[in-house]
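# Remarks on the overall topology
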Amino acid sequence: ARLAPPALARLAAILYLILAIGSGFGFFVRGRLITTGDAATTADHIRSSAGLFRASFVADLIGTTAFLLTAMALFALLRDVDRYVAGAMVTIVGVSVAIQSLNLLNQLTVLSIATGREYAALGPATRDLETLIYAERLQDGFFIAQVFFAAWLVPLGYLVIRSGFLPKVLGVLLNIACAA
């Protein structure tokens, strides 16, 4: 059975809120624990806050999943406006989610190197440096995913403008947000 448009819109809003909270928390934690260019400080922060870093991983994973589900709910809501554009929107989100999900391996690698006993043989300086290298690749991976996170706003904005049942100004704002 298909959900009614108001139910789909509410579902998409709830999922987007979950995305914002999860991803926002992950972004905040990474910003506090990763010190670009400072291997020892980054590794020390991650070791001393391993539980928080782990929680940010879970939050990012939940946020990423919510992003994909948001796009699917919006596809169901907007597919009758333009099925091809709605499909493009979900495809762009799928690429972003794939990049984000793969990038989460960097986050687990950072945690493993910083806290894992099996890496102790590397020596403190090498271990800290590898922690920083993967932490910086983690940040780069999120930046790459953000390109697609911005790009999905173009087809979404177009669909909102064309829908006739959502405020056109919202569609315009979505396209402006993409450019920002």
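Before any of the text, the structure's been laid out above.
Thresholds applied
- Residues numbered from 1 in each chain as written.
- Predicted model: local features only at pLDDT ≥ 70, side-chain atom pairs only at ≥ 80, totals over all residues.
- Heavy atoms only, no water.
- Axes fitted to C-alpha atoms, helices over the stretch in contact; angles between N-to-C directions.
- Helix = DSSP H or I, 4+ residues; strand = E, 2+ residues; numbered from the N terminus.
- Parallel < 35°, antiparallel > 145°, perpendicular 65-115°, else oblique.
- Left-handed = near helix turned anticlockwise from the far one by under 90°.
- Nonpolar A, V, L, I, M, F, W, Y, C, P; charged D, E, K, R; others polar.
- Contact = heavy atoms within 4.5 Å.
- Buried < 20%, exposed > 50% of the residue type's maximum accessible area, 1.4 Å probe, protein only.
- Polar contact = N/O pair within 3.5 Å; in protein donor to acceptor, adjacent residues only side chain to side chain.
- Phe/Tyr/Trp six-rings, centres within 6.5 Å; stacked < 30°, edge-to-face > 60°.
- Salt bridge = Lys/Arg side-chain N within 4 Å of Asp/Glu carboxyl O.

For the rest of this paragraph, the subject is the packing of helix H1 (residues 5-33) against helix H3 (residues 50-78). Axis separation between H1 and H3 bottoms out at 7 Å; the angle between their running directions is 155°. Comparing their axes, H3 and H1 come out roughly antiparallel. As H1 packs across H3, the resulting crossing turns out to be left-handed. Of the residues that constitute the contact of H1 with H3, the class distribution is 24 nonpolar, six polar and two charged.

Here we take up the environment of Ala114. Following the sequence through the fold, Ala114 ends up in helix H4 (residues 83-115). Distance from Ala114 to Asn175, taken between C-alpha atoms, is 41 Å for residues 61 residues apart in sequence. Once you skip the residues sitting within four places of it in the chain, Ala114 turns out to touch Ala43, Ile46, Arg47, Arg127 and Thr131.

What follows deals with the side chain of Arg30. Relative to the assigned elements, Arg30 resides in helix H1. A relative accessible area of 3% places Arg30 in the buried class. At a separation of 2.5 Å, a polar atom in the side chain of Arg30 contacts the side chain of Asp60. Non-local contacts of Arg30, meaning those with residues more than four positions away in its chain, are made with Asp60, Gln107, Leu138, Gln139 and Phe142.

A few words on the packing of aromatic side chains. In this structure the tally under the stated criterion is three aromatic pairs. For the pair Phe67 and Trp152, a centre-to-centre distance of 5.3 Å together with 80° between the ring planes defines the contact as edge-to-face. In this pair, Phe67 sits in helix H3 while Trp152 sits in the loop between helix H5 (124-151) and helix H6 (153-163), placing the two residues 85 residues apart along the sequence. Like Phe67, the residue Trp152 is buried in the burial classification. With 6.4 Å between their ring centres and 55° between their planes, Phe149 and Trp152 make a pair best called tilted. Like Trp152, Phe149 is buried.

For the coordinates displayed, the defined rule picks out four salt bridges. The residue Asp128 makes a salt bridge to Arg47 at a minimum N-O spacing of 2.9 Å. Remark: Arg47 occurs in helix H2 (residues 39-48) and Asp128 occurs in helix H5; sequence separation between them is 81 residues. With a relative accessible area of 10%, Asp128 lands in the buried category.

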